[in-house]
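Close look at the chain arrangement
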Amino acid sequence: MIRNYLKTTFRNLWKTRAYSSLNIFGLALGIACASLIFLWVEDEMSYNLHFPNREHLYVVKNKQTFEGVSYVFEATPGPLGQAIKGEIPGIRYAARTTWGDPALFAAGDDGIYQSGYFADPEFTEILSLEFTEGNKTAALNGANDMVITQSAAVRLFGKEPALGKTVRIDNGEGCVISGVVKDLPRNSSFQFDWLRPFKVYETQNIGWLQYWGNNGIRTLVQLEPSARLSEVNRQLYDFAKIKSGNEKLIDRNFLYPMERWRLYDNFDRDGNEQEGRMKYVRLFSIIAWVVLLIACINFMNLATARSEKRAREVGMRKVVGATKASLIGQFLGESLTLAGLSTLLAIGLTYLSVGAFNSLVEKSLTVGLFKPLHLVFFAAIILVCGLVSGSYPALYLSSFNPVTTLKGVTQKAGTAVFIRRSLVVLQYAASITLIICTAVIFMQIRYAKDRDMGFDRDQVVTTPLRGKMLEHIEVIKEQLIATGGVESAGLSNMNVLNIGSNTWGMNWEGKDPGQQVLIGILHTDADFIPSLGMQLAEGRNFRPRMAGDSGSIVINEAFAKLIQPDGKVTGQVVRWGDTPYTVIGVVKDFVYNNIYTPSEPLFFYPFLATSGLINIRTKGGADLSETVSRIGQVIRANNPGYPFEYHFLDDQFDGKFKSEMLIQKLAGVFAVLSIVISCLGLFGLAAFTAERRTREMGIRKVLGASASSLVGLLNREFVLLVLLACMVAFPIAWWIMDGWLDNYAYRTSLQEWVFGLAGLGALAIALLTVSGQAIRAAMANPVESLRNE
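Because the structure is predicted, anything quoted here is derived from the model rather than measured.

This part is about the overall build of the protein. Along its length, the protein carries 26 helices and 26 strands. Of the contacts formed within the protein by residues at least 6 apart in sequence, a portion of 78% connects residues at least 24 apart. Summed over its atoms, the accessible surface of the protein is roughly 35,700 Å², and 57% of this surface lies on carbon and sulfur atoms.

In structure tokens, the structure reads:
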């Protein structure tokens, strides 16, 4: 019996190979698209799962509230880690780490930049790092010790053992490799090439690291399995305040679990946790299900439509003794076979496209076909698509009266037609919704990018201060200007887009003693403001080489309005702790950190940092590649032994939209694919409709109907279906995107023309898809069609 079913199945596939190809390819395309998205989702959901003690691992968060607005940071005081381990029960390990800094490594003549952390020895215990060389317990005890990853060891020493070998750091001190650890997976929150003892960093920054009021490092904690998180957090909450003895200290610390770092690490203005990347995981999952739904609808539609052509076959089988159960089994078996072939093709398409998809989402995903979860997914697709798409034809056809069908009397197909039309509407509604969402996301990105940032990011090249560049900075600036392609070059201790330093300890005349305001700090020199194209609202900039300006600051308008409502504050004294500073100028507000909010209070402090970057403004119209080459020559000449690094500020600005642009790309790609899948189904249905109405077309032509009127007649049904799909899609898309835009304080508005254009586009695509079949049917010779009937 099974052999007979298989023979019948493949005979029918070959007999209707055009429709079968459309059916198989359409479903395969949908499964492949969904598979790629689910690979991305799986990767996001699996972040940090490889850490064996992840349910006990936490990072210390710092909550501070200013004027009713709460900010949650990950920066903590230097003494916190060691103190809480000794004084709060339930803490097994506590380790301080820096944020990840690049350093120039040289094991021979050539140097390469490697990124890593200064960390306490317990860092290796907390992350359960697996050592392939060296002693785990003593690897970070000595001041010159260094632990490196296996990949870093290969880059530095090739295949030779690394343990005990010496590398030079930043062309200076030498460190001895005390251990080699296995690389952490890419879906880990920690990515590093090296680890050095935190006490080295502590010695270099001993002043501020001993002060409870300074927050600048990250603190990791592993709790004992028996510890109660609520009890530890209760003791940790005011720990820094109590230890500092400062009643005004507003730091409130708490432990935040590793399990939520990747997907939820986002907080509202009340300090409550919000979804971070989880909303993207949910959105992409919805897109995957929508694309898969569209493909399944195609599959069901074409399967249902073609099944009606087999009414006489069913009648004949019933006459020779086939039971209803056997007929149902036959049709379900055929449907499952089609779904299985589609899934096999989808697996091949997934393997072929995963490389391009990785480039799109910037990951290293692998298909991993034989993972149990992946096998279950593909098996479920075969069963669901096969059973759902085959159930209606099986039940519908198996109920036919054999006498009636053999006489050639057509069964009533009203239910089947209604189901097909409903599915087409649902399919196109989903596609139109995706198109609208893609357009709105693009508009939001453009709206934010076109915002007046308060500075000119174009033609600005940034390069970090390395080695002894600061010692020669004036010479470097002069030589840069002398290249002919540079207008100015200014220093800052941080990138203007990401200013991570702030204070609440500033006072001025007339300030409410109880008022606490968070104010950003940026160390700059006299050339910074012109290099970034900023404008002064009043007063002056720092003098060249900061002559006589050591006690001066430049503030932005947001800060000026805190001091005086009219913003006229030049000459006023502001105290930072016990030190007075005179406001010499007010720079117009510019947007930094959060590009969707207004500028927050900020002041420029005379550049006294030991690290940072040079912001180099190139001349408009200059050959940028040639100018960058000359900049590199100047930097290398004044800082030998260090490779030249540079970034374009506008590229870094675009990086601020990384998540939104990823959504836009994925939504756009899968909107196009959903339309392609829909068109495959529409093409098949149009061909089937034209075939069913061949006799009608012949009679109409004989009675004088024109070809154009016949084309319009055949197209009308599909036009109405697409219009109905628009009526369904528009309110759904409006609701989805209005909610999405609510996440942004600075947002575009929903435009009616976007919805209209998406609907017209979908209608035009549908017409192009079905018109070919309609024209072919309308141009057919009526004599031939009537003779064949």
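Scanning all chains against the criterion turns up 31 salt bridges. Notably, a salt bridge pairs D193 with R155, separated by 2.8 Å at the nearest N-O pair. With a gap of 38 residues between them, D193 in the loop between β9 (174-181) and β10 (194-197) and R155 in helix α5 (residues 150-157) connect regions that are remote in the sequence. On the basis of relative accessibility, which here comes to 44%, the residue R155 falls in the partly exposed class.

Moving on to the side chain of S35. As for its placement among the helices and strands, S35 is situated in helix α2 (residues 17-45). In this structure the side chain of S35 is engaged in a polar contact, spanning 2.6 Å, whose partner is the backbone oxygen of I31.

Here the focus is the packing of aromatic side chains. Under the criterion given, the structure shown has 40 aromatic pairs. Here the aromatic rings of F38 and F377 are separated by 5.6 Å at their centres, their planes lie at 70°, and the arrangement is edge-to-face. In this pair, F38 is assigned in helix α2 and F377 in helix α14 (residues 372-398), connecting sequence segments 339 residues apart. Within the aromatic cluster, the residues linked to one another by ring pairs are F51, Y117, F123, F190, F192 and W261. Here the basic side chain of R260 rests over the ring of Y264, its NZ or CZ set 4.0 Å away from the ring centre. Above the ring of Y280, the side-chain terminus of K279 is found at 5.1 Å from the ring centroid.

So, on to the environment of G100. Tracing the backbone through its elements, the reader meets G100 in the loop between β3 (91-97) and β4 (101-106). Sequence separation of G100 and L195 is 95 residues, and the distance between their C-alpha atoms is 9.6 Å. Aside from chain neighbours lying at most four places away, what touches G100 is S115, G116 and Y117.

Next up on the list: the packing of helix α17 (residues 473-482) against helix α20 (residues 624-638). Between α17 and α20, the least distance of the axes is 10 Å, while the angle of their chain directions is 155°. One way to sum up the angle between α17 and α20 is to call them roughly antiparallel. You can see that α17 and α20 cross each other, and the crossing is right-handed. For the pair formed by α17 and α20, the contact residues are V475, I476, Q479 and L480 on the first element and I631, V634, I635 and N638 on the second. Of the residues in the contact of α17 with α20, the class split is 6 nonpolar, 2 polar and no charged.

Counting 143 residues, the largest nonpolar core has W40, F123, F190, F284, M534, F590 and F604 as its most contacted members. Look past the residues within four positions of W40 in its chain and what remains in contact with it is R277, Y280, V281, F284, F357, V361, K363, L365 and L662. Membership of the second largest hydrophobic core comes to 21 residues, among which are A162, V180, W194 and I217.

Below, the discussion takes up unusual backbone geometry. Phi at E362 is positive, roughly 55°, even though this residue is not glycine. Tracing the chain through its elements places E362 in the loop between α13 (324-361) and α14.

Further remarks concern α20. In a regular helix each residue adds 1.5 Å, so 15 residues correspond to 21 Å; α20 covers 21 Å between its end C-alpha atoms and thus fits that length. Listed in full, the buried residues belonging to α20 are T627, V628, I631, G632, V634, I635 and N638. Angularly, the buried residues of α20 cover 165° about the axis, an arc narrow enough to put them on a single face. Opposite the buried face of α20, by more than 90 degrees, sit the exposed residues S625 and A637.

Those residues of α17 that sit buried are I473, I476, K477 and L480. For α17, the angular spread of the buried residues around the axis is 100°, confining them to a single face. Buried residues along α17 sit in contact with β16 (486-492), β25 (613-618) and α20. With its phi angle positive at about 90°, G484 sits one or two positions after the end of α17.

On the surface, L724, M727, V728, I732, W735 and I736 cluster together to form a nonpolar patch covering roughly 610 Å² of accessible area. When you line up the elements, W735 lands in helix α24 (residues 707-741). The exposed category is assigned to W735, whose relative accessible area is 67%.

Where strand β20 (residues 536-539) lies against strand β23 (residues 579-587), 3 bridges are found, and the strand directions are antiparallel. In the strand pairing of β23, L536 is matched with V587. Strand direction decides the pairing type here: strand β21 (residues 552-556) and β23, joined by 5 bridges, are parallel. Bridging across to β23, I555 finds its partner in V586. What sits between the antiparallel neighbours strand β22 (residues 573-576) and β23 is a turn of 2 residues, in which G577 has the positive phi angle 70°.

It is worth spelling out the side chain of K61 at this point. For K61, the location among the structural elements is in strand β1 (residues 57-66). When neighbours within four sequence positions are excluded, K61 is seen to be in contact with V72, F73, E74, R252, N253, F254, Y256, D265 and F267.

In terms of burial, strand β19 (residues 519-524) is largely enclosed, as 6 of its 6 residues are buried. Neither face of β19 is open: one carries I519, I521 and H523, the other G520, L522 and T524, and all of them are buried. Where strand β17 (residues 502-503) lies against β19, 2 bridges are found, and the strand directions are antiparallel. Paired with N502 across the bridge in β19 is G520. When β19 meets strand β24 (residues 602-606), the two strands line up parallel, connected through 5 bridges. By the bridge assignment for β24, L522 is matched with F604.

Definitions and cut-offs
Residues numbered from 1 in each chain as written. Predicted model: local features only at pLDDT ≥ 70, side-chain atom pairs only at ≥ 80, totals over all residues. Heavy atoms only, no water. Helix = DSSP H or I, 4+ residues; strand = E, 2+ residues; numbered from the N terminus. Contact = heavy atoms within 4.5 Å. Areas by Shrake-Rupley, 256 points an atom, 1.4 Å probe, with all protein chains shown as cover. Salt bridge = Lys/Arg side-chain N within 4 Å of Asp/Glu carboxyl O. Buried < 20%, exposed > 50% of the residue type's maximum accessible area, 1.4 Å probe, protein only. Polar contact = N/O pair within 3.5 Å; in protein donor to acceptor, adjacent residues only side chain to side chain. Phe/Tyr/Trp six-rings, centres within 6.5 Å; stacked < 30°, edge-to-face > 60°. Lys NZ or Arg CZ within 6 Å of the ring centre and 35° of its normal. Axes fitted to C-alpha atoms, helices over the stretch in contact; angles between N-to-C directions. Parallel < 35°, antiparallel > 145°, perpendicular 65-115°, else oblique. Left-handed = near helix turned anticlockwise from the far one by under 90°. Nonpolar A, V, L, I, M, F, W, Y, C, P; charged D, E, K, R; others polar. Core = buried A, V, L, I, M, F, W, Y, C linked by side-chain atoms within 4.5 Å. Expected span 1.5 Å × (residues − 1). Arc of directions from axis to C-beta. Patch = residues over 30% accessible without salt bridge, like charges linked within 9 Å, V, L, I, M, F, W, Y side chains within 5 Å. Pairing = 2+ DSSP bridges.

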